[in-house]
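The residues making up each chain are set out below.
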Amino acid sequence: MRIEDLQTPCLILDRVILERNLGAMRSIARRHGVVLRPHLKTAKSADVAELAIGNGPRCITVSTLAEAEYFAGRGFTDITLAAGITPQKLERAGALVAEGVSLQVITDDLDAARAIGEHAAAFHALIEVDSGEGRGGVSPTGDSLT
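Residue positions within a chain follow its written sequence, with the count starting from 1. Local features in this predicted model are restricted to residues whose pLDDT is 70 or higher, and side-chain atom pairs enter the listing and the counts only when it is 80 or higher, whereas totals over whole chains, interfaces and linings include all residues. With hydrogens and water set aside, each side-chain value is computed from the structure's full complement of heavy atoms.

### Considering the nonpolar core
Phase 1: Only buried Ala, Val, Leu, Ile, Met, Phe, Trp, Tyr and Cys residues count toward a nonpolar core, and they belong to the same one when joined by side-chain atoms within 4.5 Å. Only protein chains enter the accessibility calculation, which uses a 1.4 Å probe. A residue is then buried if its area is under 20% of the maximum for its type, exposed if over 50%, and partly exposed in between. Membership of the largest hydrophobic core comes to 25 residues, with the highest contact counts inside it found for Ile60, Phe71, Ile79, Leu103 and Phe123.
Phase 2: For this core, the secondary structure elements donating two or more residues are α2 (46-53), β1 (59-62), α3 (65-72), β2 (78-84), α4 (90-98), β3 (102-107) and α5 (110-118).
Phase 3: Residue contacts are counted whenever heavy atoms from the two residues lie within 4.5 Å of one another. Residues within four places of phenylalanine 71 in sequence aside, it is in contact with Leu40, Lys44, Ser45, Ala46, Ala49, Ile60, Val62, Phe76 and Ile79. Helix and strand assignments follow DSSP, with helices taken as H or I runs no shorter than four residues and strands as E runs no shorter than two, numbered in order from the N terminus.

### Concerning α4
Phase 1: Regarding α4, the residues found buried are Leu90, Ala93, Gly94, Leu96 and Val97. Buried residues in α4, looked at end-on, bunch into an arc of 150°, giving them a common side. Turned more than 90 degrees away from the buried face of α4, the exposed residues are Glu91 and Ala98.
Phase 2: In the segment just after α4, glycine 100 is the residue with positive phi, at about 100°. What the arc describes is the spread of directions from the helix axis to the C-beta atoms.

### Points about the pattern of salt bridges
A pair can form between side chains of opposite charge whenever their charged atoms are brought close.
Phase 1: One side-chain nitrogen of Lys or Arg within 4 Å of one carboxyl oxygen of Asp or Glu is enough to make a salt bridge. Considering all chains together, one arrives at seven salt bridges under this definition.
Phase 2: Residue aspartate 5 is joined to arginine 2 by a salt bridge in which the shortest nitrogen-to-oxygen separation is 3.2 Å.
Phase 3: Residue aspartate 5 is classed as partly exposed on the basis of its relative accessible area of 39%.
Phase 4: On the accessibility criterion, arginine 2 (51% relative accessible area) is exposed.
Phase 5: Residues arginine 37 and aspartate 78 are paired through a salt bridge, measuring 3.0 Å at the closest nitrogen-oxygen approach. Of the two residues, arginine 37 is situated in the loop between α1 (15-32) and α2 and aspartate 78 in strand β2; the sequence distance between them amounts to 41 residues.
Phase 6: A relative accessible area of 21% means that aspartate 78 is categorised as partly exposed.

Any functional reading would require information that these geometric values do not contain.
Okay, structure coming up:
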């Protein structure tokens, strides 16, 4: 098959480069004493996830609930949803928790935080803090964190 014949979109990886980069990431994480939690929003592949985590914990990060459902269906049970969750998505996210997934959700919205706190599912909630880029998150010096 020629590259020109591939249907798009599709994922094309150079396995040698991929494995070299993944090894470097795992090494950096070990050196700093942290667990590598690869973000799989581009690869969207359980095979790539397996390569990324190696022999480490099966912790991953995704951008959508559809991605979380895909990876949960392939045995990944420690998932961080990197995009802020909205209250209308909590039932769907709760279904993953009910299936045994440890799901971390993120918000920078007070109403969403309240809804997360009131939801029956045992979510792990993280507050997104603006690190200075102004893309999202609450101000680290504002009243929202108190």
